[in-house]
Amino acid sequence: MENQSFAMKGGEGPHSYLQNSSLQRNAIEAQKKVIEEAIANNFNPIITHTQNPTNLICIADLGCSTGPNTFIAIQTIIQAIQSHYVPNITMANRDNMNLDRKFYKLFPSNKTLEFLVFFNDQVSNDFNTLFKNLPNYNLNNKTYFACGVPGSFHGRLFPKQTLHFVHSSASLNWLSNVPKEIMDRRSSAWNKGRIHCINAPKQVREAYEAQFKEDFESFLDARAQEVVGNGLMALQIPTTPDIIVESSDIDPSTVFELLGSSLMDMAKAGMISEEKVDSFNLPLFFSPIKGVKQIVERNEFFSIETMEALDLENFYAFPNANIFVSIFRAALEDLIEKHFGGAIIDDLFDRFTQKVLEFPEILNPNKFKLVMLFVLLKRKM
Ligand SMILES: C[S@@+](CC[C@H](N)C(=O)[O-])C[C@H]1O[C@@H](n2cnc3c(N)ncnc32)[C@H](O)[C@@H]1O
C-alpha cells in the first residue's frame, strides 16, 4: 500500500506544532545526557580520508517536524561531537590527554569538522516554517549546513553509506498506514465505532502490532544501507510498559479512546455520519517495550548499545487539560480535517477537552504510562 503522508500542524499559529510540542520537547531535554554519553563512548564511525576529504559529518533527524525540538536535538549531537574532537591533535597529545583512540584517530589532524544536517519529514510537512526558524543560520557563520529531505523514513531516503549519526524522536510510533483489515467490514478485525486499537477486539490490536513490526523493520533495513560502518542511531520511541501493574495506571492510548468517543458523540448528535467514524482510524501505535526490543534484537545490521526508559521526572508535566489537548490537537488536526473536513475541528476538540476534564487522572504523569524508550544502535561493520 502506498505510504500516506500525515504531518503535524504547520505554521506558527496557536494550534501549530511549533507552539504545542512541549511533551516531545521534554523528552528531547531528558535524552541530552544519554546522547552525550553515547557520543563520548561510542562515536567512531568509519570515515576514510578519500571518501571524506573535508572532515564532513552527516547527521539526519528523521521525522523532524517544523521545530523547535529538532534544533535542540541537533545542537546536542553537534556539541557532543565537537567536544570530543580537537583539531590539530597529534597522536602523542591525544594519548597524553587520555582521549579515546578510536574516535580521534579518524580525523586528519589539521582540519575542523563540518556538519551537514538532513532534516527529514513527510512531504506534507511545513518545511518553510522549519527553515525560517533555523537557529543562528547566518550567512557566513553557520554551525552546520542544512538540507530538507522530504519522504517517508520507512523507505530509502539517502545514498548508501552516507550517514554518520541518525536521530529520530517521537516519530516511529507513526505507522505508514492504517492496517487495511481494520477498515474492511467483512474482516473480523473491522474496527467499528472506534478510532484505535485500545479496548478493541484482539484482532484489531494484532493488526496494529503487525503494521508496527513491518514498518519498524522497513525503517531498520533502509537505514542499514545508509549508515556507515560504526555509525550511530539514537531512536527515542514512545512506548508502553509491558505490563500495567497498578489498576489505576492509564494506558496512553486512552487519549485516543476519549477522542474517538467525542467523535461518536458528534455522530449520535447527527453532526457527522457514523460511517465516517467507522472508516477513520489513527495510524499511531504505542508498542509495548518488548515489541521494540524483539524487533531490534532480531535485526542483523545493528548492535544494541543502549536501551533504556528516559527519566522524564524533571521534565514531564501536563499543567492542565487545555495544554494536554493542544499537544494532541497539533499532531492530529490535519489528519482529522482531511477525513471529516474542517468544520468539526473546534467543536471536536472542545468535547475532547471536556472528556479530559472529567478524567483528570490522565494528566497525572505517574499514572499516564507513556514510556519514552531511548535506543542506541550501532551499524555493524
Ligand atoms: C510528534 S512529531 C515529532 C517531531 C520531532 N521529532 C520532535 O521530537 O518534536 C512526529 C513527526 O514524525 C513525522 N513522521 C511520521 N511518519 C513519518 C514517516 N514515515 N517519514 C517521515 N516522517 C514521519 C511526522 O510528520 C511528524 O512531523
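Data block above holds the structure.
Small disclaimer: the values here were computed from a predicted structure and weren't measured.

## Section: the environment of K367
Working step 1: Position of K367 among the secondary structure elements: in the loop between α12 (345–358) and β8 (371–379).
Working step 2: Residue class for K367 comes out partly exposed when judged on its relative accessible area of 26%.
Working step 3: Taking the C-alpha atoms as reference, K367 lies 8.5 Å from D251; in sequence the two are 116 residues apart.
Working step 4: The contacts of K367, once residues within four sequence positions are left out, are S248, D249, I250 and E361.

## Remarks on helix α3 (residues 69–82)
Working step 1: Helix length check: α3, at 14 residues, gives a terminal C-alpha distance of 20 Å against a target of 20 Å (1.5 Å per residue), a fit within 8%.
Working step 2: In terms of burial, α3 is a largely internal element, 11 of the 14 residues being buried.
Working step 3: Every buried residue of α3 is accounted for by N69, T70, F71, I72, A73, I74, T76, I77, I78, A80 and I81.

## So, the pairing of strand β2 (residues 114–121)
Working step 1: Judged by how many residues are buried, β2 sits mostly within the fold: seven of eight residues are covered.
Working step 2: In terms of strand pairing, β2 meets strand β3 (residues 145–150) through six bridges, oriented parallel. Residue pairing for β3: F119 is matched across the bridge by G148.
Working step 3: Handedness of the crossover is the feature at issue here: the chain leaves β2, passes through helix α6 (residues 127–132), returns alongside β3, and the resulting connection is right-handed.

## Comments concerning empty space enclosed by the protein
Leftover empty space is mapped by rolling, across the atoms, a probe with the size of a water molecule.
Working step 1: Evaluated as defined, the whole model comprises two cavities of 30 Å³ or more.
Working step 2: M8, A170, S171, N173 and W174 are, among the 35 residues lining the largest cavity, the residues nearest its centre.
Working step 3: Of all the secondary-structure elements, those providing two or more residues to the lining of the largest cavity are α1 (22–30), α3, β2 and α11 (321–340).
Working step 4: Looking at the lining of the largest cavity element by element, the count peaks at four residues for α11.

## Observations regarding the environment of G231
Working step 1: Among the structural elements, G231 can be located in strand β5 (residues 227–240).
Working step 2: In the structure, G231 is positioned 147 residues away from K378 in sequence and 5.7 Å away in space, judged by C-alpha atoms.

The rules behind these values
Residues numbered from 1 in each chain as written. Predicted model: local features only at pLDDT ≥ 70, side-chain atom pairs only at ≥ 80, totals over all residues. Heavy atoms only, no water. Helix = DSSP H or I, 4+ residues; strand = E, 2+ residues; numbered from the N terminus. Buried < 20%, exposed > 50% of the residue type's maximum accessible area, 1.4 Å probe, protein only. Contact = heavy atoms within 4.5 Å. Expected span 1.5 Å × (residues − 1). Pairing = 2+ DSSP bridges. Right-handed = clockwise from strand over helix to strand, strands pointing away. 1 Å grid on protein atoms, 1.4 Å probe; cavity = no way out; pocket = protein on both sides within 12 Å on 5 of 7 lines; lining within 4 Å. Points joined across faces, edges and corners; volume = space filled by probe spheres on them.

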